[in-house]
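# Fold and contact review
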Amino acid sequence: MSPLEIFFTSLGMALITLLCRAFFLLPDQDLPMPKWLREGLRYAPIAALAAVVAPELVMTQGHLVDTWRDARIFGALAGLAFYAWKRSLFGTIVCGTGVMLALRFGVGW
Amino acid sequence: MISRLAGLRAEALAISRRPAFREGARDGVPMAIGIAAWGLVAGVAMVKSGMGIPLAVFMSVLVYAGSAQIAALPLIAAGAPMWVVWAATLCVSLRFMAFSFHYRPYFAHLPRKQRIAFSFLMGDTNFALFIRRFPQFEPGYRHEDYFLGCAVVSFGVWQAAIITGIVAGSGIPESWGLGFAGTMALLALTCTQLRSPSTWVAAVVAACAAVAAYALPMKLNIVVGIAAAVAFGVLADHARPGRSKAKP
């Protein structure tokens, strides 16, 4: 792409993501929505987070990991354990990343 | 013009002194390490795609959506048509619609201009923190100040990190595993949303569906994961007559 094309592509991307984020905040009146969908949508945010995270942890080059010696999985487990123990967001990030790095550089996984 | 700027400055100062703003900012700070790590990785990826520093900074400030930018990079580098990049952006951004749906009860009373400004600042981190703090609307509390406090911290840290990544470029090797800190931040946020057995099941359903559908183009696997979890939620509520008002 030429720089000018990238410029216009960026403008379009900005508009599209803003419209998605503003979708339910733009109208002054509540959008009519069937009750079953309203109920189901309660699960959408947790689903979005889980759907973003899971592939990052268990996929390698487009395939499911086929070895248990994967530093990411143990890093994630350590992070989860820390969260269950202390409920600390900061601690979860540091502990999970630390274990992952220790396994990758210390053990070579 | 100058008096207008001074007025804005005074207003910003006044908002930053409000207790709810401070609480939001304080809650946002522990997430900064995850946001910063992921921002650095995103910045390095942007400049490595060969678009040049000015355009990379321009896109980062204007789009302010890490996952959409990362999804767009290989398409831009490969010279894909503009509409393909936009379609990919739409697929990756669909999850934000769910966020805006959940924010509506808290922000519907604000002027539209402010609602649009808030939409621009929406992200995974501040959404999860906001819902953790306010599972329900609390009458009398200034939710917008809390949101703003948290969102301003996220925005500042993210932009500083991604611009650092863009400028530092290949000085930051991939093997540091910085991106993993961003994934850990999202994992921690996912944990904060697990409030009941049904949210656990929804998370597992979404995770499995997103992994199973990973081969789909344009990160559509995320949309598949959300759809699967929402479908589960609808079915679960229907399968338990009289329990349709169960809280997540």
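Just so it is clear, the model here is predicted, and its values are computed rather than measured.

A few words on the overall build of chain B. Helix and strand content of chain B: twelve helices and zero strands. Its C-alpha atoms give chain B a radius of gyration of 20 Å, near enough to 18 Å, the size a compact globule of 248 residues would have. Per-residue burial for chain B yields a buried fraction of 47% across its 248 residues. Restricting to contacts in chain B with at least 6 residues of sequence separation, those with at least 24 account for 75%.

Next up on the list: the domain arrangement of chain B. Residues and elements named next belong to chain B. The domains assigned to chain B are domain 1 (2–193) and domain 2 (195–248). The straight-line distance from the C-alpha centre of domain 1 to that of domain 2 is 25 Å. The dominant element in the side of domain 1 that touches domain 2, judged by the number of residues it contributes, is helix α6 (residues 82–107), at seven residues. Considered class by class, the residues forming the side of domain 1 that touches domain 2 number seven nonpolar, two polar and one charged.

Once that is clear, we can look at the interface of chain A and chain B. Often the size quoted for an interface is simply the accessible area lost on bringing the parts together. Chain A puts 58 residues into the contact, and the matching count from chain B is 77 residues. Contributions of two or more residues to the side of chain A that touches chain B are made by α1 (3–22), α2 (35–41), α3 (44–58), α4 (71–86) and α5 (89–107) of chain A. For the side of chain A that touches chain B, the element with the most residues is α1 of chain A, which contributes 16 residues. Residues belonging to the side of chain A that touches chain B are distributed by class as follows: 40 nonpolar, eleven polar and seven charged.

Right, let's get into the domain arrangement of chain A. Taken domain by domain, chain A consists of domain 1 (1–28) and domain 2 (29–107). Computed over C-alpha atoms only, the centres of domain 1 of chain A and domain 2 of chain A are separated by 28 Å.

On to helix α2 (residues 19–28) of chain B, then. Residue and element names in this part refer to chain B. Every buried residue of α2 is accounted for by F21, G24, A25, D27 and G28. Down the axis, α2 shows its buried residues gathered within 165 degrees of arc, on one side only. The exposed residues of α2 that point more than 90 degrees off its buried face are P19 and R26. Buried residues along α2 sit against α1 (2–17), α8 (124–133) and α9 (143–168).

Residues A47, A50 and A51 of chain A together with A206, I226 and A229 of chain B are the most contacted members of the largest nonpolar core, which totals 115 residues. In terms of residue count, helix α3 (residues 32–48) of chain B provides more of this core than any other element does, twelve residues in total. If sequence neighbours within four positions are ignored, A51 of chain A has contacts with A206, A207, A210, N221, I222, G225 and I226 of chain B.

Next up on the list: α5 of chain A. Here α5 of chain A contains 19 residues, and its C-alpha end-to-end distance of 26 Å stays within 8% of the 27 Å for a straight helix at 1.5 Å per residue. For α5 of chain A, the complete set of buried residues consists of L89, T92, I93, C95, G96, T97, V99 and M100 of chain A. If you follow the buried residues of α5 of chain A, they end up packed against α4 of chain A together with α3 and α10 (178–192) of chain B. One or two steps after α5 of chain A, the chain reaches G108 of chain A, where phi turns positive at roughly 85 degrees.

The rules behind these values
- Residues numbered from 1 in each chain as written.
- Chains lettered and ligands numbered in written order.
- Predicted model: local features only at pLDDT ≥ 70, side-chain atom pairs only at ≥ 80, totals over all residues.
- Helix = DSSP H or I, 4+ residues; strand = E, 2+ residues; numbered from the N terminus.
- Rg over C-alpha atoms; globule rule 2.2 N^0.38 Å.
- Buried ≥ 20, exposed ≤ 12 C-beta atoms within 10 Å, placed from the backbone.
- Contact = placed C-beta atoms within 7 Å.
- Domains from an automatic or database assignment.
- Nonpolar A, V, L, I, M, F, W, Y, C, P; charged D, E, K, R; others polar.
- Arc of directions from axis to C-beta.
- Core = buried A, V, L, I, M, F, W, Y, C linked by C-beta atoms within 7 Å.
- Expected span 1.5 Å × (residues − 1).

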